[in-house]
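# Results of the structural survey
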Amino acid sequence: MSENNQAINLKAAQTAVTRAAQAVGAVLRRNLHADKRANLVTQHDIKLELDVRCQKLIQKALHSAFPSVALLGEEGVAGEADADSRWVVDPIDGTVNFAYGIPHACVSIALQQRSRLPDVSTYEDGYQTVLGVVYDPFCDELWTAARGQPARLNGRVIHVSARRRLDEAIVSIGFAKSRENLEATFPYFIELTHRVRKLRVMGSAALALTYVATGRFDAYIERGIRLWDIAAGGFILEQAGGQFWRQATGDHAYKMISSNGLLRKRLRVPE
């Protein structure tokens, strides 16, 4: 019987994902200050040859352990599109940071399964995340969460902040690369500047989500984010007691607000 027709052992899956993420993290550390070959460069984005190579490393490792599970990643797909289980992978989340030698990037891997009983955590295509791993190789920080278990950072249970006042909050905001998203976000950025303690634009969605999960940030907002950016980090945030609101906008793209759950009504997605 294949993995797609039976429950996947989440403990074994977490072990395999953690090993894959840490192996790719070692590659990122070695290459942070090395010359990097770009496959594509646009005004607001960079696609590196190393992105593709790292996803292939993850794919090889996870396929070896779970050969029937499909993979959906920023650098392509593998396996059956309608598989009951899939890995959702961003091999380098924060590629522009990494390309410029800025040590704020991570590996993000989620395991999703088709939901028989859809609820608020189900994505629009019927999948739910049941396992999330985000690894920051430059700080050696590993966030993990599995269904039914608390979120952890390097093995320690974490929880979102308890801040209720927006004027005491640190809020991260992301600027997606399209002109439409940039023009919609700038006015809200200016508005929030006067309402929060500090705004942060860090350049890695997965790390922004895990920072909210850890209580470092109180909220994170972005318009035009992709599934592989948020699948693992959003789940970790939920398992840490936070609220992960999102709305599909097509082609695995979303607008989203993640928060400690206490500030949600005071925030909005830029329109």
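Reference entry: report on the structure contained in this document. Worth saying up front: this structure is predicted, and the values here are computed from it rather than measured. (Residues numbered from 1 in each chain as written. Predicted model: local features only at pLDDT ≥ 70, side-chain atom pairs only at ≥ 80, totals over all residues. Heavy atoms only, no water.)

What follows deals with the sheet that holds strand β4 (residues 76–78). With mixed pairing, the eight strands of this open sheet are ordered in space as β4-β3-β5-β6-β7-β8-β9-β10. On the outer flanks of this sheet lie β4 and β10 (156–157), each paired with one strand and no other. Inspection of the sheet shows strand β5 (residues 85–93) paired to strand β6 (residues 106–114) by seven bridges, in the antiparallel sense. Following the sheet pairing, V89 is matched in β6 by I109. On the sheet, helix α1 (residues 10–31) packs against β5, β6, β7 (127–136) and β8 (141–146) and is oriented at approximately 35 degrees with respect to β7. (Pairing = 2+ DSSP bridges. Helix = DSSP H or I, 4+ residues; strand = E, 2+ residues; numbered from the N terminus. Contact = heavy atoms within 4.5 Å. Axes fitted to C-alpha atoms, helices over the stretch in contact; angles between N-to-C directions.)

Now for unusual backbone geometry. Keep in mind that most residues, glycine aside, have a negative phi and that most peptide bonds are trans. Unlike most non-glycine residues, D251 shows phi in positive territory, near 55 degrees. Its identity as a non-glycine residue notwithstanding, H252 has a phi of 60 degrees, on the positive side.

As a further point, take the pattern of salt bridges. This model, assessed by the stated rule, comprises eleven salt bridges. Among the salt bridges present, the one from R179 reaches E183, with a minimum N-O distance of 3.0 Å. Remark: E183 and R179 occur in helix α4 (residues 179–193); sequence separation between them is four residues, near one turn of the helix. We classify R179 as exposed; its relative accessible area is 64%. Residue class for E183 comes out partly exposed when judged on its relative accessible area of 47%. Between E191 and R268 there is a salt bridge, with the nearest N and O atoms lying 3.0 Å from each other. (Salt bridge = Lys/Arg side-chain N within 4 Å of Asp/Glu carboxyl O. Buried < 20%, exposed > 50% of the residue type's maximum accessible area, 1.4 Å probe, protein only.)

The next point concerns the sheet that holds strand β11 (residues 170–173). Strand order in the open sheet formed by five strands is β12-β11-β13-β15-β14, and the pairing between neighbours is mixed. Every interior strand has two partners, whereas the edge strands, β12 (198–200) and β14 (243–250), have only one. The average undirected angle you get between the axes of adjacent strands in this sheet is 15 degrees. With seven bridges joining them, β14 and strand β15 (residues 253–259) adopt antiparallel strand pairing. When the sheet's bridge partners are listed, Q247 is paired in β15 with K255. With respect to the sheet, helix α5 (residues 205–214) is in contact with β11, β13 (219–226), β14 and β15, its orientation differing from that of β13 by roughly 150 degrees.

As a further point, take α5. For α5, the buried fraction is high: ten of the ten residues fall into the buried class. Regarding α5, the residues found buried are A205, A206, L207, A208, L209, T210, Y211, V212, A213 and T214. For α5, the N-terminal capping position is held by S204, with its side-chain oxygen 3.3 Å away from the main-chain nitrogen of L207. Immediately downstream of α5, the backbone of G215 shows phi near 90 degrees, a positive value. (Polar contact = N/O pair within 3.5 Å; in protein donor to acceptor, adjacent residues only side chain to side chain.)

Summed over all chains, the structure comprises zero disulfides. No disulfide involves C54; its sulfur sits 12 Å from the nearest other cysteine sulfur, which is in C106. (Disulfide = S-S within 2.5 Å.)

In an α-helix, one turn spans 3.6 residues; hence positions three or four apart end up facing the same way. The first and last C-alpha atoms of α1 sit 31 Å apart over 22 residues, in line with the 32 Å expected at 1.5 Å per residue. Burial in α1 covers these residues: L10, A13, A16, V17, T18, A20, A21, V24, G25, V27, L28 and N31. (Expected span 1.5 Å × (residues − 1).)

What follows covers the packing of α5 against helix α6 (residues 227–239). α6 packs onto α5 with a crossing angle of 5 degrees between their chain directions and a minimal axis gap of 8 Å. With respect to α6, the element α5 is oriented roughly parallel. Residues A205, A206, L209, T210, V212 and A213 of α5 form the contact with α6, whose own contacting residues are D229, I230, G233, G234, I236 and L237. For the contact of α5 with α6, the residue count by class is eight nonpolar, three polar and one charged. (Parallel < 35°, antiparallel > 145°, perpendicular 65-115°, else oblique. Nonpolar A, V, L, I, M, F, W, Y, C, P; charged D, E, K, R; others polar.)

A complete count under the given rule lists seven aromatic pairs for this structure. Plain terms: the ring middles of Y123 and Y254 are 5.6 Å apart, the flat faces sit at 85 degrees to each other, and that makes the pair edge-to-face. Within this pair, whereas Y123 is found in the loop between β6 and β7, its partner Y254 is found in strand β15, the two being separated by 131 residues in sequence. Across the pair, exposure class does not vary: Y123 and Y254 are buried alike. Taking 5.6 Å as the distance between ring centres and 55 degrees as the angle between the ring planes, the aromatic pair formed by F175 and F189 counts as tilted. Of this pair, F175 sits in the loop between β11 and α4 while F189 sits in helix α4; the two residues are 14 residues apart in sequence, bridging distant segments of the chain. By relative accessible area, which is 24% here, F175 ends up partly exposed. (Phe/Tyr/Trp six-rings, centres within 6.5 Å; stacked < 30°, edge-to-face > 60°.)

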